[in-house]
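Observations on the model geometry
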Amino acid sequence: ASRVRFDAFGALTQRAVAVLSPPQEAWTQMNFGRVFSVPAGYGHWVSDVVRMEAFMFRPISGTDGITCAGAAGSHGGGTCTEVGTVREFACSFTTACASAPDAVPAATADTVTFSVYVNTSTAAITFFRFPPCPLASIGEPNPANCPSPCAYTDGACRFAPPVVVDAVQGDGGWWQITTADINSDFAAAVDVDECAEGTDTCE
């Protein structure tokens, strides 16, 4: 089974969640409501599918007349700091923070670094990122309603194809990934050597 650890967070990220599922279709359909097909040229998945979600607290509007000091005082025990052009309230997770701003998906410009343990002796593996698509499950037929990073194909809004992500191999089977597209699903597949397998003459 795979393991995951968070290594570093961007300035906006306040919370992060990782959910793992075996990569077989029956499990991913039950856990994530989608199928993760192995891309062409790869043999099989060698890791669990890892669903990553990072959250930031809802920014306090710069036009709402709330000051950082006022926001911190009204929500009790938290701190409010300037982040870029918005004021960001960071809750200290006490009971006094019950009325703090809601958590929302972290900004895509914010990066998160995490590591995945892959129990395999081969180094010929590649990590893929599967972009989310909230409308794919209902096959939204209107292309105008198909948001990025979904793909409008075959007359419906569907999941976009997976993309390769850079992963740095560490010690003991750990692979580290740094990405700004953290709200996605990730999985590692073994790369097939067509020459060694005899499926390509490789001339």
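You'll find the structure just up there.
What you see is a predicted model; the values in this text were computed from it and never measured. Residue positions are given per chain, counting from 1 as you read along its sequence in written order. Whole-chain, interface and lining totals are the exception, using all residues; otherwise, since this is a predicted model, local features are given only for residues with pLDDT of at least 70 and side-chain atom pairs are given and counted only at 80 or more. Side-chain measures were taken over the full set of non-hydrogen atoms in the model, leaving aside hydrogen atoms and water.

So, about the overall build of the chain. Helical segments are the DSSP runs of H or I of at least four residues, strand segments are the runs of E of at least two, and each set is numbered from the N terminus. Counting its secondary structure elements, the chain contains 3 helices and 15 strands. Accessible area is worked out with a 1.4 Å probe on protein chains only. A residue is then buried under 20% of its type maximum, exposed over 50%, and partly exposed in between. A burial count over the chain gives 37% of its 203 residues as buried. In the chain, the share of contacts with a sequence separation of at least 24, taken over all contacts with a separation of at least 6, comes to 68%. Calculation of accessible area relied on Shrake-Rupley with a 1.4 Å probe; when residues are assessed, cover is drawn exclusively from the protein chains displayed. Carbon and sulfur atoms provide 53% of the accessible area of the chain, an area that totals close to 10900 Å². Two residues qualify as a contact provided that any one of their heavy atoms is within 4.5 Å of a heavy atom in the partner residue.

Below, the discussion takes up the environment of Ser148. As for its placement among the helices and strands, Ser148 is situated in the loop between β9 (125-130) and β10 (151-153). Residue class for Ser148 comes out exposed when judged on its relative accessible area of 72%.

Any carboxyl oxygen of Asp or Glu that lies within 4 Å of a side-chain nitrogen of Lys or Arg is treated as forming a salt bridge with it. Per the stated rule, a full pass over the model turns up 4 salt bridges. Across the pair Arg5 and Asp7 runs a salt bridge, and its minimum N-O distance is 3.6 Å. Look at Asp7 and you get partly exposed, because its relative accessible area is 33%. Where Asp181 meets Arg129, a salt bridge forms, and the shortest distance between an N and an O atom there is 3.8 Å. With Asp181 in the loop between β14 (174-179) and β15 (184-191) and Arg129 in strand β9, this residue pair connects regions lying 52 residues apart in the sequence. Residue class for Arg129 comes out buried when judged on its relative accessible area of 12%. The structure contains a network of salt bridges with shared partners spanning Arg34, Arg51 and Asp185.

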